[in-house]
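What follows is the residue order along each chain.
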Amino acid sequence: MSRDSRSDDETTTRRRYVAGAGTVAAVSLAGCSGGGGGGSTGDEGSGDDSGDGESSATGGDDADSAALEIVHWWTAGGEQDAYQALLDGFREAHPDVEVVDNPAPGGAGSAIDTVIQNRVIDGEPPSTFQIWPGQALTPYTDEGLLEPIGESVWDDEMRAAYLDGVLDLAQPAGDLVAVPINIHRLNNLFYNVSVLEDAGVDPTTIDDPQGLLDAMETVAAETDATPMAHQTQAPWSSLQLWENVFLGQTGVDAYQTLLEGDVASFEDEVRSALDTMSAYAEYFPEDAGSISWDQGNNDVIAGDAAFLHQGDWAAGQYGSAEDFAFGEDWDMVPFPGTDGVYHSVIDSFVFPTNNPSPEATEAFLNYAGSVDAQERFNPTKGSIPPRTDVPMDAFGDFLSRQFEDFQNSDAQPPTIAHGTGVAPAIQSSLSETFANFNGTLDVDQAYQGIRNAF
Ligand code: GAL
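Described in the following lines is the structure provided in the data block.

Here is what the cut-offs are and how they apply
- Residues numbered from 1 in each chain as written.
- Predicted model: local features only at pLDDT ≥ 70, side-chain atom pairs only at ≥ 80, totals over all residues.
- Heavy atoms only, no water.
- Helix = DSSP H or I, 4+ residues; strand = E, 2+ residues; numbered from the N terminus.
- Buried < 20%, exposed > 50% of the residue type's maximum accessible area, 1.4 Å probe, protein only.
- Polar contact = N/O pair within 3.5 Å; in protein donor to acceptor, adjacent residues only side chain to side chain.
- Pairing = 2+ DSSP bridges.
- Axes fitted to C-alpha atoms, helices over the stretch in contact; angles between N-to-C directions.
- Contact = heavy atoms within 4.5 Å.
- Phe/Tyr/Trp six-rings, centres within 6.5 Å; stacked < 30°, edge-to-face > 60°.
- Near = heavy atom within 4 Å.
- Areas by Shrake-Rupley, 256 points an atom, 1.4 Å probe, with all protein chains shown as cover.
- Nonpolar A, V, L, I, M, F, W, Y, C, P; charged D, E, K, R; others polar.

**Observations regarding the side chain of glutamine 310**
Consideration 1: Relative to the assigned elements, glutamine 310 resides in the loop between strand 8 (305–309) and helix 12 (313–319).
Consideration 2: Under the relative-accessibility criterion, glutamine 310 is labelled buried at 2%.
Consideration 3: Within polar-contact distance, the side chain of glutamine 310 engages the side chain of tryptophan 313 at 3.3 Å.

So, in structure tokens, the structure goes:
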């Protein structure tokens with residue numbers, strides 16, 4: 001099994017989403033002096049396009065002619081193509097703006113925090129950066145490090161077009177400070193159709209996480225394929241898998257209670273989800289500890305692995321693979337036991353204070369919130385748009401089905417691993433717990449880690 005495209009390197013991370021997650025614990029950006037934005041609303045002034053009302057403590061002067069520097073982590077799988085599609089559209093709309101692409105590679109933003117926090121602390125932020133909306137924003141809003149963009153970027157047309165729940169996430173402290181661009185689903189179980197046929201496994205009959213274990217056992221017995229193409233190099237994929245096992249075994253209400261910090265009431269269930277995961281681990285790739293998510297996914301594409309639990313960014317990667325067709329070569333079922341759930345992950349861009357290019361940043365954020373941007377970006381990214389008026393013609397069969405599932409879903413709980421469900425401090429402590437669990441599979445220790453994190 002060869003591993004090409006070594007695009008990711010991984011570590012740890014943070015963040016949150018959706019309404020209904022309670023308190024805000026702050027990972028503080030210690031010592032940051034925000035240069036203004038603070039509690040003040042809208043001092044950034046200037047309506048619409050002419051960003052002359054540059055932000056508080058910026059060096060000002062020739063800022064408006066400065067290049068637009070974008071920091072993001074979309075270098076893996078099909079994500080690079082989606083990001084390029086977004087930039088192509090922006091360049092068409094604003095040929096005068098020079099774009100400086102500055103990726104911080106690492107799945108689930110595992111490397112971006114350090115880069116951004118150091119630059120923000122040094123008062124030298126990029127023009128904009130990728131971040132999960134919701135609680136992930138709060139360390140920045142607490143310190144006044146993001147400009148309110150409710151007037152300059154969010155015009156009435158844009159506000160009216162967005163899903164309410166997503167709009168809420170863009171204003172965790174009251175002011176709009178972010179522009180969400182997509183909605184990913186996390187509770188997917190992807191599979192290679194012919195591998196499962198060879199194994200005699202029908203994925204549509206797997207009802208719960210235990211059933212998935214049985215299916216993997218069968219794959220191992222009947223084929224040479226790796227049952228599950230899971231990566232353990234960075235903790236986030238295991239954290240998200242545990243979330244999904246818990247959801248599948250215990251349900252959405254219990255999961256929501258857990259997010260509020262009540263771990264003790266679900267001790268048996270939390271432990272049981274950890275037990276299930278440690279049984280799964282037997283079926284991970286031998287080199288799980290040294291691969292990235294997209295390298296694992298390459299094995300699904302190559303027919304060397306059967307299943308992958310991953311967000312639908314994995315489907316973005318299938319879209320850019322040759323001769324790998326939805327329905328014929330790959331397909332997906334909701335993670336066993338989570339039918340009717342749309343476990344959501346959202347990305348957004350922000351306007352940091354001390355902005356080196358206020359006008360270009362405003363133009364970019366405005367564009368990211370447009371129909372054109374979301375129609376170009378999402379079909380390739382494997383996500384659906386947060387605007388309600390984006391034509392779905394270009395989204396293909398898989399995403400059209402996801403979109404339908406989203407509309408028919410009973411619940412869209414936020415995630416932990418992609419920081420939308422809990423405050424950044426909890427998320428990062430859980431990431432540490434799962435980094436250890438990946439190595440030890442020690443359920444007692446992991447349970448204590450989960451309790452302590454909350
Ligand atoms: C998520 C992000 C997705 C995708 C994924 C894998 O956190 O929201 O857009 O990039 O990580 O890196």
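**Description of the sheet that holds strand 6 (residues 188–192)**
The pairing of strands in a sheet happens through backbone hydrogen bonds and is either parallel or antiparallel.
Consideration 1: The strand order across the open sheet formed by four strands is 7-8-6-9, and the pairing between neighbours is mixed. This sheet does not close on itself; its edge strands, each paired only once, are strand 7 (226–228) and strand 9 (330–334). Looking at each pair of strands side by side, their axes are set apart by 20° on average, direction ignored.
Consideration 2: As defined by bridge partners, strand 6 adjoins strand 8 across three bridges and the pair is classed as antiparallel. What sits directly across from leucine 189, in strand 8, is histidine 309.
Consideration 3: Lying on the sheet, helix 15 (residues 396–408) is in contact with strand 6 and strand 9; it crosses strand 9 at an angle near 5°.

**Notes on the packing of aromatic side chains**
Consideration 1: The full count for this structure, using the stated rule, is 22 aromatic pairs.
Consideration 2: Look at tryptophan 330 and phenylalanine 398: their rings are 5.0 Å apart centre to centre, the planes differ by 70°, and that puts the pair in the edge-to-face class. Separated by 68 residues along the polypeptide, tryptophan 330 in strand 9 and phenylalanine 398 in helix 15 bring together distant segments of the chain.
Consideration 3: Taken together, a centroid distance of 5.1 Å and an interplanar angle of 80° make the contact between tyrosine 342 and phenylalanine 406 edge-to-face. Note that tyrosine 342 is positioned in the loop between strand 9 and strand 10 (344–345) and phenylalanine 406 in helix 15, a separation of 64 residues in sequence. Considered together, tyrosine 342 and phenylalanine 406 belong to a single accessibility category, that of buried residues.
Consideration 4: Grouped by ring-pair contacts, the aromatic residues Trp74, Phe90, Phe349, Phe364, Tyr367 and Phe377 constitute a single cluster.

**Observations concerning the site of the ligand**
Consideration 1: Taken together, 13 residues sit near the ligand, with Glu79, Ala108, Asp347, Lys381 and His418 positioned nearest.
Consideration 2: The separation between an oxygen atom of the ligand and a polar side-chain atom of glutamate 79 is 2.6 Å.
Consideration 3: For the ligand, an oxygen atom lies 2.7 Å from a polar atom in the side chain of aspartate 347.
Consideration 4: In isolation the ligand exposes 310 Å². Once the protein is present, 100% of that is buried.
Consideration 5: Looking at the shell around the ligand, its residues break down into seven nonpolar, three polar and three charged.

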